[in-house]
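Here is how the chains run, residue by residue.
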2 protein chains.
Amino acid sequence: MKINFLNFILVSVLFVGSFCFASGSAVSSQHEITSTLLWIVIILISAKISSLIERFGQPAVLGELITGVLLGNVALLGISFLEPMKNSQLLAFLSELGVIILLFQVGLESNISQMRKVGFRALLVAVVGVVCPFVLGAYLVGPWLFPGLAANAYLFLGAALTATSVGITARVFKDLNTLKTSEAQIVLGAAVIDDVIGLVILAVVSAIATVGAVSLAGVVAILFKAIAFLTGSVFFGHLLAPMLGKVLSKIHTGIGMKFALALSFALIFSFLAGEMGLAPIVGAFAAGLVLDPVHFKYFKKPKISEELEKVRNIPGRMEIQKIASLYTEKHVEDLIEPLAHFLVPVFFVMTGMNVQIQTLFNPKVLLVSLGILVVAIAGKYVSGCFAGKVNRNIVGFGMVPRGEVGLIFASIGSGLGVINHEIFSVIVIMVIFTTLFTPPILTYLIKKERS
Amino acid sequence: MKINFLNFILVSVLFVGSFCFASGSAVSSQHEITSTLLWIVIILISAKISSLIERFGQPAVLGELITGVLLGNVALLGISFLEPMKNSQLLAFLSELGVIILLFQVGLESNISQMRKVGFRALLVAVVGVVCPFVLGAYLVGPWLFPGLAANAYLFLGAALTATSVGITARVFKDLNTLKTSEAQIVLGAAVIDDVIGLVILAVVSAIATVGAVSLAGVVAILFKAIAFLTGSVFFGHLLAPMLGKVLSKIHTGIGMKFALALSFALIFSFLAGEMGLAPIVGAFAAGLVLDPVHFKYFKKPKISEELEKVRNIPGRMEIQKIASLYTEKHVEDLIEPLAHFLVPVFFVMTGMNVQIQTLFNPKVLLVSLGILVVAIAGKYVSGCFAGKVNRNIVGFGMVPRGEVGLIFASIGSGLGVINHEIFSVIVIMVIFTTLFTPPILTYLIKKERS
């Protein structure tokens, strides 16, 4: 396009015009907003570039995590202008939205009847995967590596080793299109069961640490609330989902309404979960499960299928079919996908950014951490042996990543003043390694299984 | 799906699991995040329901604004749980993102060479549309309706009448698929020129109000910064856009990368605009203009077109073409659209929510406001007469809405203590009416023009 003078004037005028708004921007916290825009760009671009790691057969999530670790630690090189990102409420929210969208997607792709099939094995895997690391961490390796600490410290260390991070594993299976395999379903089921047991453990150890005794009433209350929420949402979910499906399949005025309804369905479940003291992402996962694709069978047949019927008998139908296949299946997953492209990387990059590399610089801490790391991996790995007739290596390693969950334990523990900075660092390092090294290992195992 | 016991156990376990996270949520401001999830649902659902107003030939934006006004004033009925929404930083950010996405879309759809054609007429319309309301408001109707106020008050009142809100009008033209008409291009061009002049006026009146004199240096500095930003982004924009276009057209690994790059392009421009003290949305609009579709001609030919080439000579090609037409044209606009479905309604609903209906309850204020409203409409309407050989009514009314811009003037004026609460209310009412009543009038005129 030739840049002539008039054009120049016009565009210049366009830009100068902005000041009028700029004056108003003084009203809101415009600066935070504008810098957040830059941060989003940094996250998106670096995440997408790093996702080229897929070319080497690695899942994109690994690239995003590493990118996050790098971005979060460039301060060590004196580049500190990214530091505010770590404390940005806006990024924290986008990242939360991101993991909600991800778990909603995972829920949509998870087949609940399939999950029911593996339910019992998942339970076994989960229990073993919690008991082993906890016992090892709290009663054997912990006291051995950190002699002379309060019993509570060991309890928290053990507790921090229990919960699997469903986000990381789910994303790896998703990246490799193996979410529907028995292994994936067992791991997903076990991961959430882990969280239950982990929760109970956390409630117990917190109680011991604070009031010095287990408040059974508290635990019961928690369980009761959860069951109440569950029954409620399963009941209403299965009441609503079919209606929603019918509504969605009837709407033909663009994707706007369908998109809004599907997204709202996920968000309302997340909200309710949050209100009940549950994690929003569990609500999102449940929303995905409840929003069983079967309710969308009409919705799943876009206009193109009808068109195809009309041309059934002409030659070249196969070509039409082929072309159509490029564009059919416009259902909920597809509506949510672009949003996921925007938000999901934010979660994983931010997760990576919270990793403090300097914790690795203390040799003693590092050494001890490796010991705990072995416990963390071995404890989960053995659980795979109870997965029945599936690839037990995949299940075992699928259970390894701790991600943000372990960090949550650590932060609560240090918040209660139960664990010292050393153990905190150790937990953080354990999380770093289990989070960063599981994706490549899991990828290798899955590819081997395929071949 | 049958809800059997094992399923029940599994899902229940799933939910209880969430507590583990919940405990951690204590670390972040989880409550604000979860309630924001609900607010988003409320905004999305009510916005989409209200957008059914399209069935009656009205633009969706009108429905969203009215929804916002209702949501923002249910407190008058004693329903106060929505009040926190107005002060939510997170919603403010999503709404800012929304208007950025909207202006990016508008920029993408605006034809810059077309805009150049109407450049001069837009300038004329803009100048008249600023001078008339300002003179009328500041020197005639203002002093007549509010006798005995300081001169500065009248100046601010006049200034508040000058700037057109590009967002509202652009959305109306967009809703009616008439963005590419000369009328739309003139109004868009004039609206941004308005902002320049409005900016200069604001700078001047602010200077008079504060230091009692016009700081020419300040005005010059503003202009200089703007021109600098402009030349820079036009230059680099036209350097980058083609490259970006080539890159995007070469990428075949899903839409993720394309989406990220396109979105980042818009956000980086918005950020730079914000950094220069400009409004981010102007950067977004510029990004859209610079990202001239011509650079995406390859990008605009998705895989399906190549497929079509292969089957050129078989019978039934027309059917294929027909089917293909349902799915081709997968370019930037399409990538951004789902995000727009999520964020744009947030902006308009939030804009509506900031409308305080109770300001209408004071008869005297209401009466005076109607006088100012007449000035506001007439002053802009006459500008349409300078639009040349186009539908002058459309241009005239297209210039009427003031939206957030007028509110910005008002808030700055009262911030400086120059205008009293009465005039503030008057300005707010003027904004309400010009914002709420322009869409239907404009829609009527455009439909009449078509028929």
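We now turn to the structure provided with this report. Remember, it's a predicted structure, so these values are computed and weren't measured experimentally.

Some words on the overall build of chain A
Here is step 1: Scanning chain A from N- to C-terminus turns up 19 helices and zero strands.
Here is step 2: Considering only contacts in chain A between residues 6 or more positions apart, those separated by 24 or more positions represent 79%.
Here is step 3: When the accessible surface of chain A is totalled, it reaches about 16,800 Å², and 69% of it is carbon and sulfur.

With respect to the packing of helix H9 (residues 166–175) of chain B against helix H20 (residues 421–450) of chain B
Residue and element names in this part refer to chain B.
Here is step 1: Packing of H9 against H20 brings their axes to within 10 Å, and their N-to-C directions diverge by 35 degrees. Here the hand of the crossing between H9 and H20 comes out right-handed. Between H9 and H20, the residues in contact are Ile168, Thr169, Val172 and Phe173 and Thr435, Pro439, Leu442, Thr443 and Ile446, respectively.
Here is step 2: The class makeup of the residues in the contact of H9 with H20 is six nonpolar, three polar and no charged.

Regarding the packing of helix H5 (residues 89–109) of chain A against helix H15 (residues 332–353) of chain A
Residues and elements named next belong to chain A.
Here is step 1: The geometry of H5 relative to H15 is characterised by a closest axis approach of 7 Å and an angle of 135 degrees between their N-to-C directions. Overall, the two elements H5 and H15 adopt an arrangement that is oblique. H5 and H15 meet at a crossing whose hand is left-handed. Across the interface between the two elements, Leu91, Leu94, Ser95, Leu97, Gly98, Val99, Ile101, Leu102, Phe104, Gln105, Leu108 and Glu109 of H5 pack against Val332, Glu333, Ile336, Glu337, Leu339, Ala340, Leu343, Val344, Val346, Phe347, Phe348 and Met350 of H15.
Here is step 2: Classifying every residue of the contact of H5 with H15 by side-chain character gives 18 nonpolar, three polar and three charged.

A word on a nonpolar patch on the surface
Residues and elements named next belong to chain A.
Here is step 1: A surface patch of nonpolar side chains, amounting to about 780 Å² of accessible area, comprises Phe120, Leu123, Leu124, Val127, Val131, Val135, Tyr139, Leu140 and Phe386.
Here is step 2: As for its position among the elements, Val131 is in helix H6 (residues 112–145).
Here is step 3: For Val131, a relative accessible area of 43% puts it in the partly exposed group.

Structural notes on helix H8 (residues 151–160) of chain B
Here is step 1: For H8 of chain B, the tally of buried residues reaches eight of 10 residues, placing the bulk of the element in the interior.
Here is step 2: Of the positions making up H8 of chain B, those classed as buried are Ala153, Tyr154, Leu155, Phe156, Leu157, Gly158, Ala159 and Ala160 of chain B.

Considerations on the packing of aromatic side chains
Residues and elements named next belong to chain A.
Here is step 1: In the structure shown here, the tally under the stated rule is 10 aromatic pairs over all chains.
Here is step 2: Relative to Phe269, the ring of Phe265 has its centre 4.9 Å away and its plane inclined at 35 degrees; by these criteria the two rings are tilted. Note that Phe265 and Phe269 are positioned in helix H11 (residues 256–275) at a spacing of four residues, about one turn of the helix. As far as the burial class goes, Phe265 and Phe269 line up, both buried.

Conventions adopted
Residues numbered from 1 in each chain as written. Chains lettered and ligands numbered in written order. Predicted model: local features only at pLDDT ≥ 70, side-chain atom pairs only at ≥ 80, totals over all residues. Heavy atoms only, no water. Helix = DSSP H or I, 4+ residues; strand = E, 2+ residues; numbered from the N terminus. Contact = heavy atoms within 4.5 Å. Areas by Shrake-Rupley, 256 points an atom, 1.4 Å probe, with all protein chains shown as cover. Axes fitted to C-alpha atoms, helices over the stretch in contact; angles between N-to-C directions. Left-handed = near helix turned anticlockwise from the far one by under 90°. Nonpolar A, V, L, I, M, F, W, Y, C, P; charged D, E, K, R; others polar. Parallel < 35°, antiparallel > 145°, perpendicular 65-115°, else oblique. Patch = residues over 30% accessible without salt bridge, like charges linked within 9 Å, V, L, I, M, F, W, Y side chains within 5 Å. Salt bridge = Lys/Arg side-chain N within 4 Å of Asp/Glu carboxyl O. Buried < 20%, exposed > 50% of the residue type's maximum accessible area, 1.4 Å probe, protein only. Phe/Tyr/Trp six-rings, centres within 6.5 Å; stacked < 30°, edge-to-face > 60°.

In short, shape yes, function no, at least from these values alone.
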